[in-house]
Amino acid sequence: MKELCAKPLDAIIVGAGFSGIYQLYSLREKLGLRAKILEAGAGVGGTWYWNRYPGARCDSESHTYCYYFNRELLETWQWTERYPGQQEILRYLNFCVETLDLQKDIYLNERVSDATWDDQSQVWNITTKSKSKFTARFLITAVGCLSTTNKPKIDGLPAFSGDVFHTGHWPHEPVNFDKKRVAVIGTGSSGIQAIPEIAKQVEKLFVLQRTPNYSVPARNRPLKPNFHLEFVKKIEFWRGKMQRSRHGHPWVAPDREVKKMAKEESLKIMERAWLHGGLSFRDSFCDVLLSAESNEIMSEFIRQKILKTVINPDTANTLLPKDHPFGTKRPPIDTNYFETFNRENVCLLDLKANPINGCEPNGIRLRDDTLIEIDIIVFATGFDAMTGSIEKLNVRGRGGLELSNAWKAGPESYLGLTVAGFPNLFTITGPGSPSVLTNMPRAIEQHVDWISNLLNYMINSGHVQVEAEKSAARSWTKYVTNVANQTLLPKANHSWYLGANIPGKARVFMPYANGLDNYRKYCDEVARGKYQGLVFT
Ligand code: NA7
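Our subject in this report is the structure included herewith.

## Examining the packing of aromatic side chains
And then number 1: Scanning all chains against the criterion turns up 41 aromatic pairs.
And then number 2: The interplanar angle of 90° and the centroid separation of 5.2 Å between the aromatic rings of Tyr-337 and Phe-341 together place this pair among those described as edge-to-face. Taken as a pair, Tyr-337 and Phe-341 share a single burial class, namely buried.
And then number 3: Seen in terms of ring centroids, Tyr-531 and Phe-536 are 6.3 Å apart; in terms of plane orientation they differ by 70°. Their pairing is edge-to-face.
And then number 4: Taking the relative accessible area as the measure of exposure, Tyr-531 reaches 5% and is therefore buried.
And then number 5: Through pairs of rings, three or more aromatic residues link up here, namely Phe-18, Tyr-22, Tyr-25, Trp-48, Tyr-65, Tyr-67, Phe-69, Trp-77, Trp-79, Tyr-92 and Phe-95.
And then number 6: Lying over the aromatic face of Tyr-49, Arg-52 brings its terminal NZ or CZ to 4.9 Å of the ring centre.
And then number 7: Lying across the ring of Phe-237, Lys-234 places its NZ or CZ 4.6 Å from the centre.

Following this line, the structure appears as C-alpha cells:
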C-alpha cells in the first residue's frame, strides 16, 4: 500500500476537470495550502477526457466556455470555432495546467474508492482503487455532474458478439465504423451530436429512439481571424454580461411573453433566433419555462421545423417531441441532426412502439420479433447525473454516516456545496446548486471562489471544522424544490434533472433553478453574514 503523501495535506480535490484544476490553483496560489488532485483518468480534462465520441462538442460558445480568473489564459488561448469541440477543449485544459504549473500536484490514474471522516484526528482518510492512501483536512469533490455513465441492463447483452461503446466512456483509439452496421441507443445531447457523424461513416445506422427530443441548430462555424483580437479588447464586457445573466451565458432573455405577442411577431423572433442558432433560442422570450401556453408556441415552432426538414412523413412524425415541454430537458443543439434522417443509410426505430426485447450474438431483438443485425452498439444513454459520481466515492461522514444513505430520499445540501454530518466536505457543482442549468465554467468559478474564501476565513479565525447546519440544509433543499415547482422544469418525466432516468433513484429536482445571478447574490450574503447556516468548530 503506497503512501504518496506522508504528511496530512490541507486538501484533497477529487477530479481534474474544469472544477478541480481551478480549485487546485486557488488553494495553492491564493491561500498557499498543500493540496493535491486525485484523478481517475490517465489525463486531465474530466468530462472532456472521457466523452470522446464523434461529434462531441460544447453547447456554450467557446469564448465563454473557459476560465476568466486569469488574464494570461484569456489572452493567450485562441479558439477556432464558435462552439469548441472535445479535442480543442481537452487541449485547452492541458494548456491551462501547463501554464499554471499544476502537473506536479495532480495524481493521475487514482480513482478514489473510499473517503472516511476521522472525528478524532479531524481529517479525511482517502483511499484509491490502486490502494494509495491520503489524509487531508478538507475534501473537495470536483467530479462533474455528468460522469457516471448510465448503461441500461439489456437481456443477453454479454452474448452480443460485436463491439459495445458508451458515449461517456469512449475509447482513445479511433473506432472503425467503415462498412459497419451500427445501432445508437438514445437521443439526448450526446446521441444528437454523435448520430450525424456516425451516419457519415457507416454502412447502416439504426437510431433507437425512446423519447423524441427537441433540438435547435447550433450553426457552428470557424471563428473569423480577428475574433481573438476583438475578444481580448472586450474581456470585461463579456465577463459583465455573463455575470448578469441567469445562466452564465452572455445574454439575458428580453422582457416579453410569447403568449402576449401577435403570432407574426413571435414567429419573426423565433425565425431570427433559429437562424442565429444555439441555446439563446430558448431565451427569445422570458416565459418559456414559466407558461405552458407560451412554451407550447415554441415547442410547436420546433415541431414544424422537424416536419419541414425530414422528408419521410412517418419518420418526421416519429421524431416529433410531444411528451414534455421544450427546455424542460437539457436542450440539445445540433449540426444536421434532423437532416441525417434523410440519408438512405439511416433508419429510425421507435422504441416506445416496439421496445427492445434483448440482445443476441448478432444483434438486437425487438418486441415484435424483428432482429436488427448489427456489428456495433453505441449507448448514448446518459448518466447517473449530479449525485452518481459523488456517491461512488463511498464518502462516510461523522459517526460513519454514508453519504449514499444520507441521500437515499434525495440529495440534501446547503447551497449545493456542503452537507450536514460531513465536516470539511465541499461539493463543487453539487446537487442544490445551479450547475447544469448554467454555462458550467461560470458556475464553477463562483463555487471555487466561494469555497476558497471560506477556507481563508477559517484559517484566519482559527476554525478547524465546518459543516452545514441540518436545518439550513433542509430549508435550502426545500427552497430548491419550490423554485423548480414554480417553473415547467419538473414536467419532463424522464429527465435526469429529476433523477428519473435511473431506476430506483429518488425523484427530486436537483439543480437550483432561480438563476446563477441570484444564487451568487445569496452566497455572497451568506459569506458577508459570517457564513450563517454553517457550523464552525
Ligand atoms: P441524456 O440527455 O440523459 O439522454 C439519454 C438518452 O438515452 C435519452 O434519449 C434517453 O431516452 C435514452 N435512454 C436512456 N435509457 C434508455 C433505455 N433503457 N432504452 C432506450 N433509451 C434510453 O444523456 P446525454 O448523454 O445525451 O446528455 C447528457 C448531458 O451531457 C447533456 O445534457 C449535455 O449537457 C451533456 P428517454 O428520454 O429517457 O426516454
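## Observations concerning helix α15 (residues 470-485)
And then number 1: For α15, with 16 residues, the first-to-last C-alpha span of 23 Å sits near the 22 Å given by 1.5 Å per residue.
And then number 2: Turning to α15, its buried residues are Ala-472, Ala-473, Trp-476, Thr-477, Val-480, Val-483 and Ala-484. In a view along the axis of α15, the buried residues occupy a sector of 130°, so they form one face of it. For α15, the exposed residues set more than 90 degrees away from the buried face come down to Lys-478 and Asn-485.
And then number 3: Buried residues belonging to α15 abut β19 (466-468) and α16 (516-528).

## Structural notes on the packing of helix α8 (residues 263-276) against helix α9 (residues 292-309)
And then number 1: Packing of α8 against α9 brings their axes to within 11 Å, and their N-to-C directions diverge by 55°. Relative to α9, the element α8 lies oblique. Regarding α8 and α9, the two cross each other, and that crossing is right-handed. Residues Leu-267, Met-270, Glu-271 and Trp-274 of α8 form the contact with α9, whose own contacting residues are Ile-297, Met-298, Phe-301, Ile-302 and Lys-305.
And then number 2: For the contact of α8 with α9, a count of residues per class yields seven nonpolar, no polar and two charged.

## Focus: empty space enclosed by the protein
And then number 1: In the structure shown here, the tally under the stated rule is four cavities of 30 Å³ or more.
And then number 2: When its volume is computed, the largest cavity comes out at roughly 90 Å³.
And then number 3: Lining the largest cavity are 13 residues, and of these His-249, Leu-279, Arg-282, Arg-330 and Val-436 sit closest to its centre.
And then number 4: Of the residues that constitute the lining of the largest cavity, the class distribution is five nonpolar, five polar and three charged.
And then number 5: Of the volumes computed, that of the second largest cavity is approximately 70 Å³.

## Quick word on the layout of surface pockets
And then number 1: Estimated volume of the second largest pocket: approximately 620 Å³.
And then number 2: Taken together, 29 residues form the lining of the second largest pocket, with Arg-246, His-247, Asp-283, Leu-289 and Ala-513 sitting closest to its centre.
And then number 3: Here the residues of the lining of the second largest pocket sort into 16 nonpolar, eight polar and five charged.

## Concerning the pattern of salt bridges
And then number 1: By the definition in use, this model includes 29 salt bridges.
And then number 2: Asp-119 is the salt-bridge partner of Arg-398, the closest N and O atoms lying 3.0 Å from each other. Of this pair, Arg-398 sits in the loop between β17 (395-396) and α13 (403-406) while Asp-119 sits in the loop between β4 (112-118) and β5 (123-128), and the two are 279 residues apart along the sequence.

## Digging into the side chain of Thr-148
And then number 1: Here Thr-148 shows up in the loop between β6 (133-141) and β7 (163-166).
And then number 2: One polar contact links Thr-148 to Ser-389, side chain to side chain, over a distance of 2.6 Å.
And then number 3: What Thr-148 contacts, discounting residues up to four positions off in sequence, is Phe-383, Asp-384, Gly-388, Ser-389 and Lys-392.

## Things to note about the state of the cysteines
And then number 1: This structure, assessed with the given rule, holds zero disulfides.
And then number 2: For Cys-359, which is in no disulfide, the shortest distance to another cysteine sulfur is to Cys-347 and amounts to 17 Å.

Here is what the cut-offs are and how they apply
Residues numbered from 1 in each chain as written. Predicted model: local features only at pLDDT ≥ 70, side-chain atom pairs only at ≥ 80, totals over all residues. Heavy atoms only, no water. Phe/Tyr/Trp six-rings, centres within 6.5 Å; stacked < 30°, edge-to-face > 60°. Buried < 20%, exposed > 50% of the residue type's maximum accessible area, 1.4 Å probe, protein only. Lys NZ or Arg CZ within 6 Å of the ring centre and 35° of its normal. Helix = DSSP H or I, 4+ residues; strand = E, 2+ residues; numbered from the N terminus. Expected span 1.5 Å × (residues − 1). Arc of directions from axis to C-beta. Contact = heavy atoms within 4.5 Å. Axes fitted to C-alpha atoms, helices over the stretch in contact; angles between N-to-C directions. Parallel < 35°, antiparallel > 145°, perpendicular 65-115°, else oblique. Left-handed = near helix turned anticlockwise from the far one by under 90°. Nonpolar A, V, L, I, M, F, W, Y, C, P; charged D, E, K, R; others polar. 1 Å grid on protein atoms, 1.4 Å probe; cavity = no way out; pocket = protein on both sides within 12 Å on 5 of 7 lines; lining within 4 Å. Points joined across faces, edges and corners; volume = space filled by probe spheres on them. Salt bridge = Lys/Arg side-chain N within 4 Å of Asp/Glu carboxyl O. Polar contact = N/O pair within 3.5 Å; in protein donor to acceptor, adjacent residues only side chain to side chain. Disulfide = S-S within 2.5 Å.

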